[in-house]
Amino acid sequence: MRTTLLVYLHGFRSSPNSTKAVMTGEAVGVLSTPDNTYEWYCPQLLASPKESIDMVVKYIDQSKADRIVIIGSSLGGFYTNYLAEKYQCKGITLNPAVYAARELEPHVGMMTAYDSDEPFDFKAEYIDELRALQVDKITNPERYFLIAAKGDELLDWKEMSNFYPGAKQLILEGSDHGIADYAYHLPAVIEFIEH
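We now turn to the structure provided with this report. (Residues numbered from 1 in each chain as written. Predicted model: local features only at pLDDT ≥ 70, side-chain atom pairs only at ≥ 80, totals over all residues. Heavy atoms only, no water.)

**Points about the layout of surface pockets**
Definition in use: Residues are called lining when one of their atoms sits within 4 Å of a cavity or pocket point, these points coming from a 1 Å grid over the protein atoms alone, where a cavity is a set in which a 1.4 Å probe fits but cannot get out and a pocket is an open set with protein on both sides within 12 Å along at least five of seven lines. Grid points are joined across faces, edges and corners, and a volume is the space filled by probe spheres set on the points. Think of it as three bins: nonpolar holds Ala, Val, Leu, Ile, Met, Phe, Trp, Tyr, Cys and Pro, charged holds Asp, Glu, Lys and Arg, and polar takes everything else, Gly as well. By the criteria applied, helices consist of DSSP H or I runs no shorter than four residues and strands consist of E runs no shorter than two, each listed in order from the N terminus.
Considering only enclosed or pocket space, the largest pocket measures out at about 540 Å³ in volume. If you go around the largest pocket, you meet 24 residues; those closest to its centre are F12, S74, Y114, L154 and H177. The class makeup of the residues in the lining of the largest pocket is nine nonpolar, 11 polar and four charged. Reported here for the second largest pocket is a volume of approximately 290 Å³. If you list the elements that add at least two residues to the lining of the second largest pocket, you get α3 (75-87) and β6 (119-122). Of the residues that constitute the lining of the second largest pocket, the class distribution is nine nonpolar, seven polar and three charged.

**Some remarks on the sheet that holds strand β8 (residues 168-172)**
Selection criterion: Here the rule is simple: two strands pair whenever DSSP picks up at least two bridges between them. Throughout, an axis means a line fitted to C-alpha atoms (over the contacting stretch in the case of helices), and angles, computed between N-to-C directions, take values from 0 to 180 degrees. Only heavy atoms matter for contacts: two residues are in contact if any of them lie within 4.5 Å across the pair.
Taken in spatial order, the six strands of this open sheet run β2-β1-β3-β4-β7-β8, and their pairing is parallel. With one partner strand each, in any of the chains shown, β2 (36-41) and β8 form the two edges of the open sheet. Along the sheet, successive strands turn relative to each other by an average axial angle of 15 degrees, direction set aside. In this sheet, strand β3 (residues 67-73) lies alongside strand β1 (residues 2-9) in parallel orientation, the contact comprising six bridges. Across the sheet, the residue bridging to V7 is I70, located in β3. Running at roughly 160 degrees to β2, helix α1 (residues 19-29) makes contact with β1, β2, β3 and β4 (90-94) of the sheet. Each of β1, β2, β3, β4, β7 (144-149) and β8 is contacted by helix α7 (residues 182-194), which is oriented at about 170 degrees to β4, the strand it contacts most.

**Quick word on the nonpolar core**
What counts is decided by this rule: For this analysis, a nonpolar core means a set of buried residues of the types Ala, Val, Leu, Ile, Met, Phe, Trp, Tyr and Cys, connected via side-chain atoms within 4.5 Å. Residue burial is assigned from relative accessible area. The probe radius is 1.4 Å, only protein chains are included, and a residue is buried under 20% of its type maximum, exposed over 50%, and partly exposed in between.
Counting residues in hydrophobic clusters, the biggest one holds 40 residues, and the most contacted among them are Y79, F122 and L130. In terms of residue count, the dominant contributor to this core is α3 (five residues). Among residues more than four places away in sequence, those in contact with F122 are F12, A47, L104, H107, V108, G109, M111, I127 and L130.

None of the figures reported here should be taken as evidence of function without further support.
This is how it looks when you write it as structure tokens:
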């Protein structure tokens, strides 16, 4: 029997209740067979990038899974690059913030999460933590699948595409940062997970 640990990492100010996380979790939930089981791990990430990564690494290291697949959206996609390189596993990135320190530097200060009014302090030192996690160049492009939307209002799809040379890429005409039409593209995500 083979077990696959599927790690889903949400974006900045988001949560495991995000639409893409919930949809992906439901799709993965029906994949398990007696010979091939899937373990789903979608944690609430912390404000500190270092603490977030330490938490996820600890979970992965304790897992008995035979293989790991990491999916990340936006800031979660940035984390996916780091973890996919660390574990030499498959990484699926959805509108990833490939240079997260640069993108998030203007957002230092008090913030609220999207689906709660819970305030949190995004500290200046977190930018240094992001810099420490930066992957300069991916190895083994065949392990990666990028979904990038030309209509992303926050991040540049060309920069995303250039970051994953040789990887499987699905470049969406239009759409948006949250990938509002994600349901249409989920089968391609599942196919990449399974093969």
